[in-house]
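Working through the structure, step by step
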2 protein chains.
Amino acid sequence: MMRCRKCGTNAVINMRHHKLSLCAEHYEEWVLAQTDRAIEKYKMFARDERVLVAVSGGKDSLSLWDVLLRLGYQADGLYIGLGINEPLPYSDVSLEKTRAFLSSVIARSEATKQSPSSDLEIASQKTLVMTHAPLLHVVDIPQTYGKTIPEIARAKMRGQGKPCAACGLTKRYVMNRLALEKGYTVLATGHNLDDEIAVLFQNTLRWQTGYLARQAPVLPASREGLVKKVKPFCRFYERETATYALVRGIEYIYEECPHATGNLTNFYKTLLNQLETESPGAKLSFYLEFLRARGEGAFEQFNKVEELHACELCDQPTTAPGRCAFCRMWDIIALVQP
Amino acid sequence: MMRCRKCGTNAVINMRHHKLSLCAEHYEEWVLAQTDRAIEKYKMFARDERVLVAVSGGKDSLSLWDVLLRLGYQADGLYIGLGINEPLPYSDVSLEKTRAFLSSVIARSEATKQSPSSDLEIASQKTLVMTHAPLLHVVDIPQTYGKTIPEIARAKMRGQGKPCAACGLTKRYVMNRLALEKGYTVLATGHNLDDEIAVLFQNTLRWQTGYLARQAPVLPASREGLVKKVKPFCRFYERETATYALVRGIEYIYEECPHATGNLTNFYKTLLNQLETESPGAKLSFYLEFLRARGEGAFEQFNKVEELHACELCDQPTTAPGRCAFCRMWDIIALVQP
């Protein structure tokens with residue numbers, strides 16, 4: 001039985017790459033402190049900024065929202081309903097988990113106001129009381145645009161391949177547009193280390209220098225119409241965010257999207273896990289050393305800033321003049337308000 | 001049964017990454033042409049240069065020597081006896097295979113002179129007759145320096161770890177020194193694609209930008225006292241060099257060095273083979289795309305040229321003033337002629 005390094009009680013997690021075992025209480029504290037450190041180190045956002053968290057109902061995004069609220073950030077949620085309910089009710093369950101999480105946060109917040117010695121005090125010394133009453137924005141794709149993601153993908157790709165490309169395009173569009181329209185200065189996603197390095201690995205295997213130049217914990221709002229994007233959990237192993245959700249009692253959707261099974265990203269994750277087993281810390285150092293090399297200018301010359309145009313229909317930024325890829329895919333003929 | 005694309009007879013190899021199946025005869029021809037193309041593309045050496053091939057008795061280096069001779073290059077061999085004969089007579093057998101190869105080459109060369117329709121004509125249109133009578137230089141480490149590689153490693157590392165570092169240092173030193181002293185302008189090694197990408201993968205996982213900046217098919221003789229190093233087989237899969245040795249009837253040592261088993265390089269090779277199985281050509285594109293990115297200037301700023309000094313004992317180049325790492329490891333107190 002591993003012992004907590006801080007207090008000697010039973011540990012809930014042993015992080016070999018950090019040579020650190022912690023009990024539930026000190027683990028929560030550690031996650032909060034590490035997240036806040038990442039936010040500061042990578043200059044993600046300040047305490048007075050309005051942050052929009054993209055929530056999927058999974059462990060990463062719900063944990064991220066939870067952590068940001070406990071740290072006292074003004075974090076609201078955005079849930080995008082994709083209409084993926086076959087063969088399992090993936091979208092329905094994930095919205096349910098997201099709503100349940102929000103209710104529990106609000107209930108706990110009320111409780112805190114009444115009794116100041118709640119568990120919110122324990123972990124974070126910085127913020128004794130959650131000051132921000134969080135909002136959840138829900139954009140339902142089939143209701144707004146008339147088709148589910150699998151339907152639009154089938155319609156547009158003639159049954160070829162997975163709907164993941166159509167889904168990614170739609171989510172990026174909706175996240176960016178809603179963030180800007182509702183006045184958020186920054187969009188936070190729950191990507192963890194395993195997510196980040198799977199993409200990094202894929203880009204490295206093909207030496208896609210343009211992508212490598214732009215992969216970072218922060219994508220700045222370098223251009224008009226693009227919201228700043230940040231990944232405060234980028235240094236946490238997937239196991240660590242899962243453990244956080246567990247010790248916090250956050251109920252999340254366990255299943256991953258049915259279309260994601262067997263994809264290349266999961267194959268890369270399996271390979272990278274073999275590496276980690278062989279040398280603990282390999283995944284973290286792959287990421288951190290990449291950020292160092294990138295910071296030292298390794299791919300700087302490949303970071304070409306493309307000129308952006310406003311889509312003639314929706315006014316959102318796009319690389320080519322005319323209609324943007326979203327409006328083309330969805331056959332938008334007039335402005336739709338999400 | 002796969003058929004040769006050139007002549008329709010039974011194929012001996014199917015290269016999925018090239019979508020190419022070939023019979024023995026056309027495979028030999030292909031290997032010769034591909035090697036010559038790599039030599040030209042990467043500006044390795046010209047036909048009038050004297051090339052020293054580092055031969056270990058394995059499939060890669062013996063095949064490389066064979067190919068260079070058939071292409072009409074002035075290629076001599078250098079065999080370094082490491083004294084590794086436990087638990088198996090690795091060094092003894094590898095020298096034996098090297099000598100046997102040389103004898104067969106010379107015998108075939110004599111036969112060619114008598115009967116001009118030998119097999120040497122078939123594959124290479126460029127050189128009908130091998131014009132160069134190859135030499136083999138043998139440097140026996142225990143005879144020259146008094147200890148085998150495992151012995152010096154034990155003496156210097158107090159039994160810690162493997163002798164691979166001591167072996168690498170010794171081989172690099174002897175290869176460079178002998179090449180220069182015997183008037184060779186270029187040193188060729190049998191590294192194949194699998195060797196190259198295992199190192200590339202290792203350097204990439206830790207983003208060792210200095211090493212990445214210098215990994216290439218050619219290491220130029222940029223500085224006084226350093227011979228140019230080239231890897232003409234760097235684009236061949238290990239399976240391809242093995243098939244070449246097989247169809248040519250080259251007898252090589254099958255065992256790898258007993259100290260190499262279970263090392264990290266072999267672990268990386270296993271991972272990379274999983275990648276290749278998932279997407280054929282992944283290994284080749286990992287390498288070629290890296291060379292492209294490197295050629296486009298990724299990592300250029302990390303290619304720092306260190307100042308070199310002459311070792312005060314052996315006169316060979318070294319980064320720090322005083323005795324070089326080789327002389328220090330081997331406790332050289334006066335110049336030894338290998």
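Note that the structure is a prediction, hence the values are computed from the model and not measured. (Residues numbered from 1 in each chain as written. Chains lettered and ligands numbered in written order. Predicted model: local features only at pLDDT ≥ 70, side-chain atom pairs only at ≥ 80, totals over all residues. Heavy atoms only, no water.)

1. Side note on the overall build of chain A
The secondary structure content of chain A amounts to 13 helices and 10 strands. A globule of 338 residues ought to have a C-alpha radius of gyration of about 20 Å, and chain A, at 20 Å, matches this closely. For the C-alpha atoms alone, the extent of chain A along its principal axes is close to 60 × 45 × 40 Å. Taking all contacts inside chain A whose residues are at least 6 apart in sequence as the whole, residues at least 24 apart take part in 71%. (Helix = DSSP H or I, 4+ residues; strand = E, 2+ residues; numbered from the N terminus. Rg over C-alpha atoms; globule rule 2.2 N^0.38 Å. Contact = heavy atoms within 4.5 Å.)

2. Focus on the packing of helix H8 (residues 193–205) of chain B against helix H11 (residues 264–278) of chain B
Packed helices, taken two at a time, are described by their axes: the angle between them and the distance between them. Residue and element names in this part refer to chain B. Packing of H8 against H11 leaves a shortest axis separation of 9 Å and a crossing angle of 100°. Our classification of the angle between H8 and H11 gives roughly perpendicular. The residues of H11 that touch H8, namely those facing Asp194, Asp195, Ile197, Ala198, Phe201, Gln202 and Leu205, are Leu264, Thr265, Tyr268, Lys269, Leu271, Leu272 and Asn273. (Axes fitted to C-alpha atoms, helices over the stretch in contact; angles between N-to-C directions. Parallel < 35°, antiparallel > 145°, perpendicular 65-115°, else oblique.)

3. As for the packing of aromatic side chains
Scanning the model with the defined rule gives 37 aromatic pairs over all chains in all. Ring geometry for Tyr27(A) and Trp30(A): centres 5.9 Å apart, planes at 20°, overall stacked. Of this pair, Tyr27(A) and Trp30(A) both sit in helix H1 (residues 24–41), 3 residues apart, which is roughly one turn of that helix. Given a relative accessible area of 0%, Tyr27(A) falls into the buried group. Ring geometry for Phe290(B) and Phe299(B): centres 6.4 Å apart, planes at 40°, overall tilted. Phe290(B) gets classed as buried once you look at its relative accessible area, which sits at 0%. Phe299(B) gets classed as buried once you look at its relative accessible area, which sits at 0%. The lysine or arginine in question, Arg47(B), covers the ring of Tyr73(B), its NZ or CZ lying 4.5 Å from the ring centre. Above the plane of the ring of Tyr184(B) lies Arg50(B), whose end atom (NZ or CZ) is 4.1 Å from the centre. (Phe/Tyr/Trp six-rings, centres within 6.5 Å; stacked < 30°, edge-to-face > 60°. Buried < 20%, exposed > 50% of the residue type's maximum accessible area, 1.4 Å probe, protein only. Lys NZ or Arg CZ within 6 Å of the ring centre and 35° of its normal.)

4. Digging into the relation of the copies chain B and chain A
The two copies are related by a screw operation: chain B maps onto chain A through 180° of rotation and 0.0 Å of translation along the axis, at an RMSD of 0.0 Å. Within this description, the copies of the chain are treated as partners about a two-fold rotation axis. It is Ala298(B) whose C-alpha, among those of chain B, lies nearest the rotation axis, at 2.8 Å. Mapped onto chain A, 100% of the interface residues of chain B are again interface residues, and the two copies thus contact each other with one and the same surface. (Least-squares fit on C-alpha atoms with pLDDT ≥ 70 in both.)

5. Re helix H10 (residues 238–248) of chain B
Along H10(B), the residues classified as buried are Glu240(B), Thr241(B), Thr243(B), Tyr244(B), Ala245(B) and Arg248(B). Gly249(B) sits one or two residues past H10(B) and shows a positive phi near 70°.

6. Some details on the interface of chain B and chain A
How big an interface is tends to be stated in terms of accessible area lost as the parts join. Counting from both sides, the interface comprises 26 residues of chain B and, opposite them, 26 residues of chain A. Summing the contributions of chain B and of chain A, the shared interface buries around 2400 Å²; its carbon and sulfur component is 68%. The largest contributions to the chain B side of the interface with chain A come from Leu205(B), Trp207(B) and Leu275(B), which together make up 27% of the buried area. On the surface where chain B and chain A come into contact, there are 0 salt bridges. Applying the counting criterion to the chain B and chain A interface returns 7 residue pairs in polar contact (both at pLDDT 80 or more). Of all elements in the fold, only H8, H11 and helix H12 (282–295) of chain B reach the threshold of two or more residues within the side of chain B that touches chain A. When residues in the side of chain B that touches chain A are grouped by element, the largest group, 7 residues, is from H11(B). Across the side of chain B that touches chain A, the residue classes break down as 15 nonpolar, 6 polar and 5 charged. (Buried area = accessible area lost by both parts, 1.4 Å probe. Salt bridge = Lys/Arg side-chain N within 4 Å of Asp/Glu carboxyl O. Polar contact = N/O pair within 3.5 Å; in protein donor to acceptor, adjacent residues only side chain to side chain. Nonpolar A, V, L, I, M, F, W, Y, C, P; charged D, E, K, R; others polar.)

7. Comments concerning the environment of Ala298(B)
Structurally, Ala298(B) is set in the loop between H12 and strand E9 (309–310). Overall, Ala298(B) belongs to the buried group, its relative accessible area being 1%. Considered as a pair, Ala298(B) and Leu212(B) are 86 residues apart in the sequence and their alpha carbons are 9.0 Å apart. Apart from the residues within four sequence positions on either side, Ala298(B) is in contact with Ala298(A), Phe299(A), Gln301(A), Phe302(A) and Ala293(B).

8. Some points on the pairing of strand E3 (residues 50–55) of chain A
Residue and element names in this part refer to chain A. A large share of E3 lies buried, amounting to 5 of its 6 residues. Since E3 and strand E4 (residues 74–81) lie parallel, the crossover through helix H2 (residues 59–70) that links them has a hand, and here it is right-handed. Relative to strand E6 (residues 186–188), E3 is paired through 3 bridges, and the arrangement is parallel. Residue pairing for E6: Val51 is matched across the bridge by Val186. (Right-handed = clockwise from strand over helix to strand, strands pointing away. Pairing = 2+ DSSP bridges.)

9. So, the confidence of the model for chain A
Residue and element names in this part refer to chain A. When pLDDT is averaged across chain A, the result is 91; 93% of the residues are at 70 or more. Low pLDDT, under 50, characterises residues 120–128; the stretch is placed with 22 contacts to residues that sit more than four places away or in other chains. Scoring the predicted complex yields pTM 0.90 and, for the interface, ipTM 0.88. (pLDDT = per-residue confidence, 0-100.)

10. Some remarks on the sheet that holds E4(A)
Residues and elements named next belong to chain A. Strand order in the open sheet formed by 6 strands is E5-E4-E3-E6-E8-E7, with mixed pairing between adjacent strands. Of all the strands in the sheet, the pair left with one neighbour each is strand E5 (136–140) and strand E7 (218–219). The strands touched by H2 are E3, E4, E5 and E6; relative to E3, the strand with the most contacts, the crossing angle is about 160°. With respect to the sheet, helix H7 (residues 164–181) is in contact with E3, E4, E5 and E6, its orientation differing from that of E4 by roughly 140°.

11. A few points about the nonpolar core
By size, the foremost hydrophobic cluster in this structure holds 132 residues, and its most contacted members are Leu68(A), Trp207(A), Phe299(A), Leu68(B), Trp207(B) and Phe299(B). In this structure Trp207(A) touches Leu212(A), Phe299(A), Leu200(B), Thr204(B), Trp207(B), Phe286(B), Glu289(B), Phe290(B), Arg292(B), Ala293(B) and Phe299(B), once residues within four positions along its chain are discounted. (Core = buried A, V, L, I, M, F, W, Y, C linked by side-chain atoms within 4.5 Å.)

12. Notes on unusual backbone geometry
All names here are of chain A. Cis geometry marks the peptide bond from Glu86 to Pro87; its omega dihedral reads 0°. Mapping Pro87 onto the fold places it in the loop between E4 and helix H3 (90–114). Even without being glycine, Lys19 reaches a positive phi, approximately 50°. One can find Lys19 in the loop between strand E1 (13–15) and strand E2 (20–22). Among the residues examined, Lys19 registers a relative accessible area of 70% and is labelled exposed. With phi around 50°, Lys43 is a residue other than glycine that occupies positive phi space. Following the sequence through the fold, Lys43 ends up in the loop between H1 and E3. Relative accessible area serves as the criterion here: at 65%, Lys43 is assigned to the exposed category.

13. Comments concerning the pattern of salt bridges
All names here are of chain A. All chains considered together, the criterion is met by 34 salt bridges over all chains. The partner of Glu28 in a salt bridge is Arg248, and the shortest N-O contact between them spans 3.8 Å. On the criterion of sequence distance, the pair formed by Glu28 in helix H1 and Arg248 in helix H10 (residues 238–248) is long-range, its members being 220 residues apart. Taken as a pair, Glu28 and Arg248 share a single burial class, namely buried. Several salt bridges converge on common partners, so that one network encompasses Glu28, Asp66, Arg70, Arg108 and Arg248.

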